[in-house]
Amino acid sequence: MMDNELENALLYISVVRNFCAHGNRLYCFRTKNPLASTSYHKNLKIPQNSNGEYLQGKRDLFACVIALKRLLSNSDYKRMSKELYRALRTLDKNLQLLTLEEVLAEMGFPPNRRNLNNQ
């Protein structure tokens, strides 16, 4: 990973951390400063807007997951991913008005999000 990519990923994670620290809800997290495009965006075939920016995984919570995928060891990422999906299963059991897919879409998670685990 290049120095500027590392700096971008760490800055993105820092922004998410600060958002959490101030009691904000992560499901609606958005930032003006995007995560740099990665091979994960391309490999997941995330759609792009007319300016070529990926529509998911750039300014949302899924971008933080991508940043962590790049920074953590494989075993640490798998452990984090397992905990994340365990929490999502718990959430799914308690949702009444929205579906889990609607919540995940709001957080920027694409339908094939689990493919990130295999990359």
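I will try to describe carefully the structure that is included in this document. Computed from a prediction, not measured in an experiment: that's the story for all the values here.

Conventions used here
Residues numbered from 1 in each chain as written. Predicted model: local features only at pLDDT ≥ 70, side-chain atom pairs only at ≥ 80, totals over all residues. Heavy atoms only, no water. Disulfide = S-S within 2.5 Å. Helix = DSSP H or I, 4+ residues; strand = E, 2+ residues; numbered from the N terminus. Expected span 1.5 Å × (residues − 1). Buried < 20%, exposed > 50% of the residue type's maximum accessible area, 1.4 Å probe, protein only. Arc of directions from axis to C-beta. Polar contact = N/O pair within 3.5 Å; in protein donor to acceptor, adjacent residues only side chain to side chain. Contact = heavy atoms within 4.5 Å. Axes fitted to C-alpha atoms, helices over the stretch in contact; angles between N-to-C directions. Parallel < 35°, antiparallel > 145°, perpendicular 65-115°, else oblique. Nonpolar A, V, L, I, M, F, W, Y, C, P; charged D, E, K, R; others polar. Phe/Tyr/Trp six-rings, centres within 6.5 Å; stacked < 30°, edge-to-face > 60°.

1. Quick notes on the state of the cysteines
Next, step 1: Scanning the model with the defined rule gives zero disulfides in all.
Next, step 2: Unpaired in this structure, Cys28 has its nearest cysteine sulfur neighbour in Cys20, at a distance of 11 Å.
Next, step 3: Free cysteine: Cys64, not disulfide-bonded; nearest cysteine sulfur from Cys20 at 7.9 Å.

2. Concerning helix H4 (residues 74-94)
Next, step 1: A rise of 1.5 Å per residue sets the reference length of H4, with its 21 residues, at 30 Å; its end C-alpha atoms lie 30 Å apart and thus fit the reference within 8%.
Next, step 2: For H4, the complete set of buried residues consists of Tyr77, Ser81, Tyr85 and Leu88. All buried residues of H4 project into a common sector of 65 degrees when viewed along the axis, lining one side. In this structure, H4 carries Arg79, Lys82, Lys93 and Asn94 as exposed residues pointing more than 90 degrees from its buried face.

3. Details of the side chain of Thr31
Next, step 1: Of note, Thr31 is situated in the loop between helix H1 (3-21) and helix H2 (39-43).
Next, step 2: The buried category is assigned to Thr31, whose relative accessible area is 16%.
Next, step 3: At 3.4 Å, the side chain of Thr31 and the backbone nitrogen of Asn33 are in polar contact.
Next, step 4: Sequence-distant contacts of Thr31, defined by excluding residues within four places in its chain, comprise Tyr12, Val15 and Arg59.

4. Thoughts on unusual backbone geometry
Next, step 1: Although it is not a glycine, Lys45 adopts a positive phi angle of roughly 55 degrees.
Next, step 2: Its place among the elements puts Lys45 in the loop between H2 and helix H3 (61-71).
Next, step 3: Given a relative accessible area of 71%, Lys45 falls into the exposed group.

5. Here we look at the packing of H3 against H4
Next, step 1: Here H3 crosses H4 at 155 degrees, and the two axes come no closer than 9 Å. For the element pair H3 / H4, the angle class is roughly antiparallel. Two secondary-structure elements touch here, H3 through Val65, Leu68 and Lys69 and H4 through Tyr77, Met80 and Leu84.
Next, step 2: Per-class residue counts for the contact of H3 with H4 are five nonpolar, no polar and one charged.

6. So, the packing of aromatic side chains
Next, step 1: Tallying each qualifying case throughout the model produces three aromatic pairs.
Next, step 2: An angle of 85 degrees between the planes, with centres 6.0 Å apart, marks the rings of Tyr12 and Phe29 as edge-to-face. Remark: Phe29 occurs in the loop between H1 and H2 and Tyr12 occurs in helix H1; sequence separation between them is 17 residues.
Next, step 3: Overall, Phe29 belongs to the buried group, its relative accessible area being 1%.
Next, step 4: With centroids separated by 4.9 Å and ring planes inclined at 75 degrees, the aromatic side chains of Phe19 and Phe29 adopt a geometry described as edge-to-face. With Phe19 in helix H1 and Phe29 in the loop between H1 and H2, the pair connects residues that are 10 residues apart, well separated along the chain.

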